[in-house]
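Working through the structure, step by step
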Amino acid sequence: MFGSLDFVYLPSRDVAADVTHWTRAGGEVVFTVERFGTRVAMITIGEGPGFLLAQHLEGDAPVLVYRVHDLAAAVGDLKERGLEVSELFEFPYGEAVEVRSPGPQRVAIYERSRADRGDSLRGRRDFPAA
């Protein structure tokens, strides 16, 4: 059911400062977006998944975001196995749900249904790095 690990959603208290830090470490900025009173940036580091630095993400734990082929089917399968999922949330590449965990781990699944919208953010710079 779980496909590739495409994103690591990371909470950030200062997205611009975090972008500066990770680009100094060799990361490349994909986009920086400021909307609805919050900032989100995506950077890539090496061959790994994209880092989504999010000011609005609560807590200190990152969310590992895995791609699934069919989100509705995956949610149904998880529920059949006795697992709980969050309400749908949206991000540039599609809809997602977080899989509830008894521990501090945070995992989400999403269906890549809006690749064009997410890819259209590439190069967007709503705010500069610190």
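On a predicted model such as this, the values are computed, not experimentally measured, just so you know.

Here is what the cut-offs are and how they apply
Residues numbered from 1 in each chain as written. Predicted model: local features only at pLDDT ≥ 70, side-chain atom pairs only at ≥ 80, totals over all residues. Heavy atoms only, no water. Helix = DSSP H or I, 4+ residues; strand = E, 2+ residues; numbered from the N terminus. Contact = heavy atoms within 4.5 Å. Phe/Tyr/Trp six-rings, centres within 6.5 Å; stacked < 30°, edge-to-face > 60°. Buried < 20%, exposed > 50% of the residue type's maximum accessible area, 1.4 Å probe, protein only. Lys NZ or Arg CZ within 6 Å of the ring centre and 35° of its normal.

**Regarding the side chain of S86**
Structurally, S86 is set in the loop between α2 (71-80) and β6 (89-91). Ignoring sequence-local partners within four residues, the contact set of S86 consists of V97, E98 and R100.

**Observations regarding the packing of aromatic side chains**
Applying the stated criterion across every chain, the model contains nine aromatic pairs. Seen in terms of ring centroids, Y9 and F91 are 6.4 Å apart; in terms of plane orientation they differ by 50°. Their pairing is tilted. Here Y9, found in strand β1 (residues 5-11), pairs with F91, found in strand β6; they are 82 residues apart in sequence, far enough to count as distant. For the pair Y9 and F91, one class covers both residues: buried. Here the basic side chain of R39 rests over the ring of F127, its NZ or CZ set 4.1 Å away from the ring centre.

Shape is all these values report; function is a separate question.
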